[in-house]
Amino acid sequence: MKKTIEIILSLLLILTAFTACKGKQEKPEQPTPSNQTENIDNSGESASDEEKTRALIEVEEVQNDHIYEKYHYEGERTVGNEKQEYKFRLPQLKSTSSAAKEINNEIIGKYENLIKEQMECAQNSDMFYDNIYWQAHIYGDLLSLVIVDDNFAHYYKTYSVYLFDTKTEKAVPNSELLKIAGISENDFISKAKEKAEELFSEVDFGDMENAEEIRAERLEYMLSEDNISINTPMFIYDNGTLNAVVEIGQAGEADYKYEIIKIKKDHIKKYTLKTGAKIETDFITEKYSFEGTFRPYDDKSQPEEEYVLRLPQLKSSGDSAKNINKRIVDKYDEMIERAIESYESECSIWDKVNWESYLYNDILSIVITYADYMSESYRDYSVYNFNVKTEKEVTGAEILKAVGLSESDFIKKAKNAAEENFKSTNYYNPGITDAYAQCLKKTISDENITASLPMFFDDNGELNTVAVVYQTAGGELNHVILKIK
C-alpha cells in the first residue's frame, strides 16, 4: 500500500512539473506583424480557429517625416454582450539624436507594459479599460507629440506631451514654447487660470453635501502652482493655437479630470465685425450673430465679400438641450472665434457658419452649415433633432420609425439619391473612366451610406439626409443634402 502511494505521488510531481514548464514559456514581446496577429498560445501548439478569431487587427502604421509607430492595433472586440473599440498605438521619433532617444525611452517606459497588458486582455476577450493613442502637431519646426491614455471605464483621460525641434533635433522646454507662441509666462498663467475657472463654473454640484466647501477646495487647487505654472504640459496646434493640459474640478466620481484648454493671446484689434439682428424663434436663440460685407485685408481694389457667422442654441434648459448646445459650441466655437480674431486683426475671414431650422410636428431640426468662402463648393453640415414637446433629442432610428422606413429601405433610397446626385454633378468623360467608376463606387458603398447618416425633416415633412458624394474633379469629396423620396 505504501509503495502504491509513493508511485502515485511521483506521477503527480512529474505531471505538475510538466504543466509548470508549459506555463513558463516566454511570450513574444509583441504580436507577429501581419494583417492579423497570431494568437499568443503558451502551449507552443497552433491556435484553434476560435482562438484565432480573438487575434487583434494590426492596422496600417501611421508615419510622417518625424514619427513612426511601434504598436498600431485598432478594431472592435465583443466582450459578453457588449462591443468595445480598442486602439493601441505608440509613437516613436525617427530622429537618432540623444534628445529623441531620451523621449523615446520615456514613452516606452511609461506606456509599453500598459499596452501589452491591455492588448492581452483584449486578445483574450477579457475586459480592458485603456486605449492608448497619439496626435502630432507641426508648427514651424516645432513638433508637439501628445499621447492619450483614454480610460473609458471612468471617462477619464490623461495626457503626456513631448516637444521636439525638428531642425535642431533637441527637446523644447516650455519657456521656449511660450516664446514661439508669443506669450509671456505671466500672461500664460493668468489666461490658463481664467479659462480653468470658466470651465469650473459650469460644473453642477447639485445637492452634494458640503458643496460650497468642496467647490472652494477644488478651485483653490486648480488655481495653485501645482496645477497651473510654467511646468504645466503645453503644446501648439498646427494653426498656432496654444494649449495647456490642466486639471478641472468635478462633482462626479472623480474629483478632477484633465482637460485641454486653449490659451488665447491678445491681438491688436483694428477692425470690428458688424453684428446682424439676432435671429430668435420660439425655441432657438443665437450665441453669435455676425453678418455683413468686407473687402479682404481692407484693400479697396478687392471686391466686397459677404461674411456670416451665426451659431444657434436651444432655449430649453433641459439636459438634452444642454447636451446639444454643448456639442454645437464644442464644434464651432473655436472656429468662429478664430474667424473673428482674423477679421479684427487683418480684415480677413475665411469661414462661414450659418444655420436653418425646420419644425415638423413636434420635431425641431437644426442644420448648421460650414463653408469656406474661398471654396464655395465645399460644405459641411451638422444636424441636431429635438422634440419640443418632450424636450428630448430625437435619434435617427426614431425618425425612420416616424416615416415607417426600415434601415435597409433607408439605405437603399439614400444610395439611389446619392447616385443621382453624383451623376448630375460628375460628368462622364471617357478619359477618366476609372476615376468616374471609383468615385461612384465609393459614393454608394456600404461604408459611405449607412443608417447612422444625419437625417432631418424639412417644413414639408420630407425626409432628408447628409452624405458624402465623391468628386472626379476639384475637391475629392463634398457633403450634400439628399432628399429621400
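Counting starts from 1 at the beginning of each chain's written sequence and moves along it residue by residue. Totals for whole chains, interfaces and linings use every residue, but because this is a predicted model, local features are given only for residues with pLDDT of at least 70 and side-chain atom pairs only at 80 or more, for both listing and counting. Side-chain measures were taken over the full set of non-hydrogen atoms in the model, leaving aside hydrogen atoms and water.

**Topic: the overall build of the protein chain**
Right, on to step 1. If you tally the helices and strands in the protein chain, you get 10 helices and 18 strands.
Right, on to step 2. For the protein chain, the residues scored as buried account for 42% of the 485 residues in total.
Right, on to step 3. Whether two residues touch is decided by their heavy atoms; if any such pair falls within 4.5 Å, the residues are in contact. Taking the contacts inside the protein chain whose residues are at least 6 apart along the sequence as the reference set, 54% of them involve residues at least 24 apart.
Right, on to step 4. As displayed, the protein chain has an accessible area near 27600 Å², and 48% of this comes from carbon and sulfur atoms. We count a stretch as a helix when DSSP gives it H or I for four or more residues in a row; a strand needs E for two or more, and each element gets its number in order from the N terminus. A 1.4 Å probe rolled over the protein chains alone gives each residue an accessible area, and that area as a share of the maximum for its type sets the label: buried under 20%, exposed over 50%, partly exposed in between. Computed with a 1.4 Å probe, the accessible areas rest on the Shrake-Rupley method; for each residue, only the protein chains presented here act as cover.

**Points about the sheet that holds strand β18 (residues 477-483)**
Right, on to step 1. Strands were regarded as paired on the criterion that DSSP finds at least two bridges between them. Judged by pairing direction, the sheet is antiparallel, and its 3 strands sit side by side in the order β16-β17-β18 without closing on themselves. Strands with a single pairing partner mark the edges of an open sheet, and in this sheet they are β16 (455-457) and β18. Taking the axes of each pair of neighbouring strands and ignoring which way they run, one obtains an average angle of 30° across the sheet.
Right, on to step 2. Note that β16 and strand β17 (residues 463-470) share 3 bridges and pair antiparallel. Each residue of the ladder has a partner; that of M455, found in β17, is T465.
Right, on to step 3. For helices, the fitted line uses only the C-alpha atoms of the stretch in contact; every axis is such a line through C-alpha atoms, and the angle between N-to-C directions lies from 0 to 180 degrees. Of the strands in this sheet, β16 and β17 are in contact with helix α8 (residues 396-403), which crosses β16 at around 45°.

**Some details on the sheet that holds strand β8 (residues 242-249)**
Right, on to step 1. Spatial ordering of the open sheet is given by β7-β8-β9, a layout of 3 strands whose pairing is antiparallel. Two strands bound the open sheet, and with one partner strand each, they are β7 (234-236) and β9 (256-263). Averaged over all pairs of adjacent strands, the angle between their axes in this sheet comes to 35°, without regard to strand direction.
Right, on to step 2. Bridging between β8 and β9 involves 8 bridges; their strand directions are antiparallel. When the bridges of β9 are listed, I248 appears paired with K257.
Right, on to step 3. The strands touched by helix α5 (residues 185-200) within the sheet are β7, β8 and β9, with β9 carrying the most contacts at an inclination of about 125°.
Right, on to step 4. The strands touched by helix α6 (residues 211-222) are β8 and β9; relative to β8, the strand with the most contacts, the crossing angle is about 155°.

**Re the nonpolar core**
Side chains of a nonpolar character, in soluble globular proteins, are inclined to be buried together.
Right, on to step 1. Counting residues in each nonpolar core, the largest one holds 36 residues, and the members touching the most others are F188, L242 and I263.
Right, on to step 2. Looking at this core, the elements that each hand over two or more residues are β4 (142-151), β5 (156-165), α4 (174-181), α5, α6, β7, β8 and β9.
Right, on to step 3. When residues in this core are grouped by element, the largest group, 6 residues, is from α5.
Right, on to step 4. Non-local contacts of L242, meaning those with residues more than four positions away in its chain, are made with L177, L178, A181, I183, F188, M234, F235, I236, I261, K262 and I263.
Right, on to step 5. The next biggest cluster of nonpolar side chains, apart from the first, holds 29 residues, and it includes Y343, I349, W355 and Y384. As used here, the term nonpolar core means buried Ala, Val, Leu, Ile, Met, Phe, Trp, Tyr and Cys residues forming a set that is joined through side-chain atoms within 4.5 Å.

**Some remarks on the environment of E419**
Right, on to step 1. Along the polypeptide, E419 turns up in helix α9 (residues 407-425).
Right, on to step 2. In this structure E419 comes out as partly exposed when scored by relative accessible area, which is 24%.
Right, on to step 3. Sequence-wise, E419 and V469 are 50 residues apart; in three dimensions their C-alpha atoms are separated by 8.3 Å.
Right, on to step 4. Not counting chain neighbours up to four residues away, the residues in contact with E419 comprise L440 and I444.

**Observations regarding the pattern of salt bridges**
Where charged atoms of side chains with opposite charge meet at close range, the side chains can pair.
Right, on to step 1. Salt bridge, as applied in this entry: a Lys or Arg side-chain nitrogen positioned within 4 Å of an Asp or Glu carboxyl oxygen. Following the criterion strictly, the structure yields 21 salt bridges and no others.
Right, on to step 2. R218 is the salt-bridge partner of D255, the closest N and O atoms lying 2.9 Å from each other. In this pair, D255 is assigned in the loop between β8 and β9 and R218 in helix α6, connecting sequence segments 37 residues apart.
Right, on to step 3. Of the charged contacts, one joins K331 and D380 as a salt bridge, the two residues approaching to 3.4 Å between their closest N and O atoms. With a gap of 49 residues between them, K331 in helix α7 (residues 319-346) and D380 in strand β14 (residues 375-387) connect regions that are remote in the sequence.
Right, on to step 4. Note on D380: relative accessible area 16%, which makes it buried.
Right, on to step 5. Linked through salt bridges whose partners overlap, the residues forming this network are E69, E74 and R89.

**Structural notes on the layout of surface pockets**
Right, on to step 1. In this structure, the largest pocket encloses a volume near 2000 Å³.
Right, on to step 2. Those elements that place two or more of their residues in the lining of the largest pocket are β3 (130-139), β4, β5, α5, β9, β10 (284-294) and α7.
Right, on to step 3. In terms of residues, the lining of the largest pocket owes the most to one element, α7, which gives 11 residues.
Right, on to step 4. The class makeup of the residues in the lining of the largest pocket is 16 nonpolar, 7 polar and 19 charged.
Right, on to step 5. Lining residues are defined by having an atom within 4 Å of a point belonging to a cavity or pocket. Those points lie on a 1 Å grid over the protein atoms alone, cavities being sets where a 1.4 Å probe fits but cannot get out and pockets being open sets with protein on both sides within 12 Å along at least five of seven lines. Grid points are joined across faces, edges and corners, and a volume is the space filled by probe spheres set on the points. Counted as a void, the second largest pocket has a volume near 620 Å³.
Right, on to step 6. T241, K264, K265, R338 and E341 are the residues nearest the centre of the second largest pocket, which is lined by 25 residues in total.
Right, on to step 7. No other element matches the 9 residues that α7 contributes to the lining of the second largest pocket. Ten residue types, Ala, Val, Leu, Ile, Met, Phe, Trp, Tyr, Cys and Pro, are classed as nonpolar, four, Asp, Glu, Lys and Arg, as charged, and the remainder, Gly among them, as polar.

**Brief notes about the environment of D434**
Right, on to step 1. Structurally, D434 can be placed in helix α10 (residues 433-443).
Right, on to step 2. For the pair D434 and T472, spaced 38 residues apart in sequence, the C-alpha separation works out to 9.7 Å.

**Focus on unusual backbone geometry**
Right, on to step 1. Positive phi, normally seen in glycine, also occurs at E169, with a value near 60°.
Right, on to step 2. Unusually for a residue other than glycine, N361 sits at a positive phi of about 55°.
Right, on to step 3. By the secondary structure assignment, N361 is in the loop between β12 (351-360) and β13 (363-372).
Right, on to step 4. Look at N361 and you get exposed, because its relative accessible area is 62%.

**Some words on the confidence of the model for the protein chain**
Right, on to step 1. Summary statistics for the protein chain give a mean pLDDT of 83 and a share of 84% for residues scoring 70 or more.
Right, on to step 2. As a per-residue quantity, pLDDT reports the predictor's confidence and falls between 0 and 100. Here helix α1 (residues 2-23) stands out as the element of the protein chain with the lowest mean pLDDT, 38, in contrast to strand β6 (residues 170-171), whose mean of 97 is the highest.
Right, on to step 3. Counted against residues more than four places away or in other chains, residues 1-53, with its pLDDT under 50, gives 37 contacts.

**A word on the side chain of N464**
Right, on to step 1. Note that N464 resides in strand β17.
Right, on to step 2. What qualifies as a polar contact is a pair of N or O atoms within 3.5 Å, subject to a donor-acceptor requirement within protein and to the restriction that residues adjacent in sequence count only when both atoms come from side chains. A polar contact is formed between the side chain of N464 and the side chain of K483, at a distance of 3.4 Å.
Right, on to step 3. If near-sequence neighbours (up to four positions away) are discounted, N464 is found in contact with P454, M455, F456, D458, I481, L482 and K483.

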